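One letter stands for each residue in the lines below.
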Amino acid sequence: MFLGGFAAVLLLAGCGGDGDTPQSVVPAPSGPVSVLAWTPPTTYNDNVPLEPERDLDYYEIYIRKDPNFTESDLPAIQVAAVAGTLSPDGLTVARSLVTEFTLELIPSLPSGNQLFISMRAVGIDRQKSAFMAPLAWDRS
């Protein structure tokens, strides 16, 4: 069973990142940022329900200069589907779904003012969803 589809949207924010993106290994951007936000899939392609917290492993984010994503494209970055946050008392870890990513944190973005973004969900069984519909990202 392949993963079902999901929806994503590109949000533009006017301030710099706050640096709390757990999967980040690069400094937070200091200027305006573009955030890709999504709703995780909740079914497989055959409409069997899935539990995103349990069944998803990570997301692959793809960037191209055109909207023609193919199976031979390599992801620009992988983002964990679930993140752990240490509780204030330091004794427990709360797990929560990751549903957004700051695009400027991708280390090697192609040049150009307009890029296209797509993503795929990857299950713990390594099955991948289809590419989501490409989104245009105007970087000017």
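Residues numbered from 1 in each chain as written. Predicted model: local features only at pLDDT ≥ 70, side-chain atom pairs only at ≥ 80, totals over all residues. Heavy atoms only, no water.

Asker: Help me out: how do you make sense of the nonpolar core in this one?
Answerer: What tends to happen in soluble globular proteins is that the nonpolar side chains get buried as a cluster. Grouped together as the largest cluster of nonpolar side chains are 26 residues, with contacts concentrated most on Leu36, Trp38, Ile61, Phe101, Leu103 and Ile117. At the level of secondary structure, the elements contributing two or more residues to this core comprise strand E2 (33-39), strand E3 (56-64), strand E4 (77-80), strand E5 (82-86), strand E8 (114-123) and strand E9 (135-138). (Core = buried A, V, L, I, M, F, W, Y, C linked by side-chain atoms within 4.5 Å. Buried < 20%, exposed > 50% of the residue type's maximum accessible area, 1.4 Å probe, protein only. Helix = DSSP H or I, 4+ residues; strand = E, 2+ residues; numbered from the N terminus.)

Asker: It is not clear to me how the packing of aromatic side chains should be interpreted in this structure. Could you clarify?
Answerer: Describing an aromatic ring pair means giving the distance of the ring centres and the angle of the ring planes. Under the definition given, this model contains four aromatic pairs. Note on Tyr62 and Phe131: the rings are 4.9 Å apart at their centroids and 70° apart in plane angle, and the pair reads as edge-to-face. With Tyr62 in strand E3 and Phe131 in the loop between E8 and E9, this pair connects stretches of sequence that are 69 residues apart. In this structure Tyr62 comes out as buried when scored by relative accessible area, which is 1%. Three or more aromatic residues link up through ring pairs in this structure, and these residues are Tyr62, Phe69 and Phe131. (Phe/Tyr/Trp six-rings, centres within 6.5 Å; stacked < 30°, edge-to-face > 60°.)

Asker: Even after reading the chapter, I still don't get unusual backbone geometry, so can you show me in this structure?
Answerer: Across residues other than glycine, the phi torsion is negative in most instances, and most of the peptide bonds are trans. Backbone geometry places Asn47, a non-glycine residue, at a positive phi of 70°. Residue placement: Asn47 occurs in the loop between E2 and helix H1 (52-55). You can call Asn47 exposed: its relative accessible area is 59%.

Asker: Can you walk me through the sheet that holds E3 in this structure?
Answerer: Hydrogen bonds between backbone atoms are what pair the strands of a sheet, whose relative direction is either parallel or antiparallel. The strand order E4-E3-E8-E9 describes an open sheet built from four strands, whose pairing is antiparallel. Each having just a single partner strand, E4 and E9 make up the two edges of the open sheet. Here the average twist between neighbouring strands, direction ignored, is 30°. Where E8 meets E9, four bridges bridge the pair, whose relative direction is antiparallel. Pairing of Phe116 across the sheet is with Ala136, part of E9. (Pairing = 2+ DSSP bridges. Axes fitted to C-alpha atoms, helices over the stretch in contact; angles between N-to-C directions.)

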